Each structure stands twice: as structure tokens, then as C-alpha cells.
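Architecture at a glance
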Amino acid sequence: MSAYKYWQYLMRLLEKVCHTDNVEMNTFTINIVLLATVIASRIRVANCASDTYVAHTQKISSVQFQPPIIEHYLDTVNAKSIIYCVAACNKHDLCRTCDYDSSTKQCRLFESLGSTGTLIPSIHTSSVFILNYCLQKTNNYDLSTIYSEPDYICTPASPGQSMTVYDAFQKLIVANNNVPLPLAERDVYMSSNGFYTSSSDSSAIRHYGYNGQLITAYAYGSSLGCINYNPKINTFIVCPYSIPRLETQLFNPNTSTTMSQQNISTVGPPFYSYYDTNRLYISYRSSASPITIHLINGTKILTADSQSTGSFTPFTLWQSQLVFGTGNSISLFNLNGTYQSSWSYNFSSAVSVIGFIQHDYAGRRYFNDYNANPSNKGVYIYNQNSTFYTVLNRACIWTCAIKITKRNITLVSLQSPNSSLYYYNF
């Protein structure tokens, strides 16, 4: 029997035994299925999952998954059964959670850990699957010794080699794999297929691979500041550098082209924007303007409380909260802009202003020192409870962005006049 026919036979057999569309699949069954995809990939069967390994897969029935931020939505694919959906997530370099509706055969892939998102009650044909790559460290695989994220970074690229956050980022620094980016870019958006930058001096949106190679440059009619993207509606939003407006651009991933949609008037030149499913949030370069909240069509509906006022202030969303950086503290607002609380981080005296805020798939929080002295630059890494992990000693004057896949860590550091990409392969 050929390898391909054997693979088809094996998948049919597993589906028949598991009754995947009608009854529960337990953890053991799913992991056997994933082991089959690994075997298939090692004998180079076409269209099979990559040679990764899942230590534990949890199924939760009658729910759908809502990621903590929209950019953690990766894709929707058609899958014949639960087996194929979980295998698709296992194959994707970013996917750690998926949900599947057996009535529609739709499989949604997410970057987030299952523990960071929300489970939404749904019809009985929908289930969520959480993939856990934290393997046991002992030789006899004692289940009591499983290490978990976010305190550890777990990757199937090195089974059994879960690393502390500190160790993983020290490896990034020691490796010193540095790919210079050709121009002084202003802002960066990390996507599932590379990263996009806006430039203040070259009037373009650029798409780079995670190896630092330029894929495509989209000419633009003005110098740009911030850039953000809504993956569900394939729309960029960019800030002309010194003009009080935002501009949305419809992106066609099949042809790699953009098309202008609309201009959105703002109360001043924007510094940063966030494009959620139903709303648009904007902070400003001027110290006189708090965050404004708009509908997707640009209509302003709310102004956040005065604690969101500040010049060149970054923010992001996380689990239905606005996370706003000003000075050396983080302020939290609800999605209507109402102030809730603040976190003060125990920075050294050299740190004066937060320049960017980002959360990764496990909820780890990153921000930099937007200080004028390049020797003081660094990316600080904390847990959600303000536990300090480490500082990544890499210069980051304008902004930074970090992406952790199943195979590597990538840091994009934007400076003036040079920008660089750093990476470490697990």
C-alpha cells in the first residue's frame, strides 16, 4: 500500500472509531490523531500536518472561542471533521486554539492560548480545542511535572525543552541574528504571514517576511505614522504623519493590492489607532487630546476619560479593556473609555516614557522605554499580574513588535535612522 493510500485509510479508520461529529473525542484520541499526522508528514505525504507534537489537547463542547484581541484570529478553513480541524491548527506555526462546528464544517484558527480568551456558549455542534505544547521534563513523563505558559515558552520544535521567558529571550540576544531593514520605518503591525510597516519618509506600506526580506511595497501618497489592520475584514488603517485624519485601505490578500476606502477626520494628528470588530480607537500626538472612540464608518461616539490624555501615548486592547501607557505606568479603561485602574511598574530611573504596548499569544505584556538616550533602550516583559520576567536589551526608539511562533522568536525594532529585525530559531 502506498504512503498516501495508507494515510487515507488511517484517517478513515480514526474518524469511524471516534465518531467525531456525534460524540466526544477525548484527549487521548485527539493526540493519537495528531501522532498520525506527524507520521504522515515524516513520510512526506502531501497536504498533511507538519512534524510537530502535541503533548495534550483539551476539548470543550458546546462553546465557541473568542480571542482576547482581534489580531489573534488567524483564519477560517473548511474541515471534514474534528480530526482535520485540530490537525490544521497543529500545522499552523501560530495556532494554539481552534474551534469547530460539525454542522457547517467550519474550523476557526486562533493564535491565543485557550486560557487567555473567552468561551462563548454555542450550539451543541460547536467545540473548542486547546493545544498545549508544554511537555514534561522528566524521563518518565510524570504528569505532575508539566510546565505551563505564560511562565514558560513551550514549542513543539524542541519537544521536552520548555524554556523560561528569561532563557528564551536571552537566547535571542546571544544569537544576535540581525537583519537590517532598509529604511527608517515608523510603525509596525505583526501578522500571521510576516509584518507590515509604515514609513514617515518614504510614503509606503511595506510587507516583510519574518526573515526580514521585503515581499511587497505599496506606494502611498503621503508620509505615514501609525498602521493597524483588521484581519476579519482585510482592512488597513493608517495615519498620515501630520494630518488630522485616518485613512482605511481595503487589502486583497490574493492579489496583494490595496484600495482606498475612506478618510476619517480626527481632532488632531493621530499617534496610534486600534481597529476592533465594531469600533475604532485613536490616541493623539498632542498632549491635549484624550482617546476618541469611533464607529467603523468613522463617526465619533465617545471620548475616553481624562486619564487617557497624553502626547505620543500608545495603547492596545486586551480582554475587553483598553490598556493605555503614559509615563512609566499602565492605565486600564473599559471599552467605552471609562477609567478603571492603573498599574505602576517598578522601572529603573532611566525609564521615563512607555513607547509601545503589546501582548503575545500567552498574554505576556511587552513595552519599551521611549527615552531620548539610546543606551537606555530596552523591551520590558511582564506577566498580566505585573510579575517582571526580563528586559530585552535591544534599542527601540520609535517602536518595537514581537512575534513568537512555534519555531522562532522575532523582534522588529524601529529606530532612526536604522531599523532591524532580530530572530532566534528554537
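Going by an unreviewed UniProt entry, the protein carries the name Apple domain-containing protein and comes from Adineta steineri.

Comments concerning unusual backbone geometry
Omega for the peptide link from Glu149 to Pro150 comes to 15 degrees, which places this bond in the cis form. Relative to the elements of secondary structure, Pro150 occurs in the loop between strand E7 (126–132) and strand E8 (152–153). Residue Gln319 is not a glycine yet carries a positive backbone phi of 50 degrees. Within the fold, Gln319 resides in the loop between strand E23 (315–317) and strand E24 (321–326). A residue is classified by how much of its surface remains accessible, and Gln319, at 40% relative accessible area, is partly exposed.

Looking at helix H4 (residues 165–175)
Inspection of H4 places Val165, Ala168, Phe169, Leu172 and Ile173 among the buried residues, and these make up the whole buried set. Buried positions in H4, seen along its axis, are confined to an arc of 140 degrees and lie on one side of it. Downstream of H4 by a residue or two, Asn176 has a phi angle that is positive, lying close to 55 degrees.

Things to note about the sheet that holds strand E29 (residues 379–382)
Reading across from one edge, E27-E28-E29-E30 is the order of the four strands in this open sheet, with antiparallel pairing throughout. Both outer strands of the open sheet, strand E27 (354–359) and strand E30 (388–392), are each paired with one neighbouring strand and no more. Shown here is a sheet whose adjacent strand axes are inclined to one another by a mean of 20 degrees, direction ignored. Strand direction decides the pairing type here: E29 and E30, joined by four bridges, are antiparallel. By the bridge assignment, Tyr380 is partnered in E30 with Val391. Packing against the sheet, H4 makes contact with strand E28 (365–369), E29 and E30, and its axis sits at approximately 5 degrees to E30.

Quick look at the sheet that holds strand E33 (residues 419–425)
Spatial strand order, E10-E33-E32-E31: four strands in an open sheet with antiparallel pairing. Both outer strands of the open sheet, strand E10 (177–181) and strand E31 (399–404), are each paired with one neighbouring strand and no more. For this sheet, the mean inter-axis angle between neighbouring strands, taken without regard to orientation, is 15 degrees. On the sheet, H4 packs against E10, E31, strand E32 (408–414) and E33 and is oriented at approximately 120 degrees with respect to E33.

Details of the environment of Ser286
Residue position: Ser286 is located in the loop between strand E20 (279–284) and strand E21 (292–295). Sequence spacing of Ser286 and Thr309 is 23 residues, and the spatial spacing of their C-alpha atoms is 8.6 Å. Contact partners of Ser286, with chain neighbours within four places excluded, come to Gly310 and Ser311.

How each quantity is defined
- Residues numbered from 1 in each chain as written.
- Predicted model: local features only at pLDDT ≥ 70, side-chain atom pairs only at ≥ 80, totals over all residues.
- Heavy atoms only, no water.
- Helix = DSSP H or I, 4+ residues; strand = E, 2+ residues; numbered from the N terminus.
- Buried < 20%, exposed > 50% of the residue type's maximum accessible area, 1.4 Å probe, protein only.
- Arc of directions from axis to C-beta.
- Pairing = 2+ DSSP bridges.
- Axes fitted to C-alpha atoms, helices over the stretch in contact; angles between N-to-C directions.
- Contact = heavy atoms within 4.5 Å.

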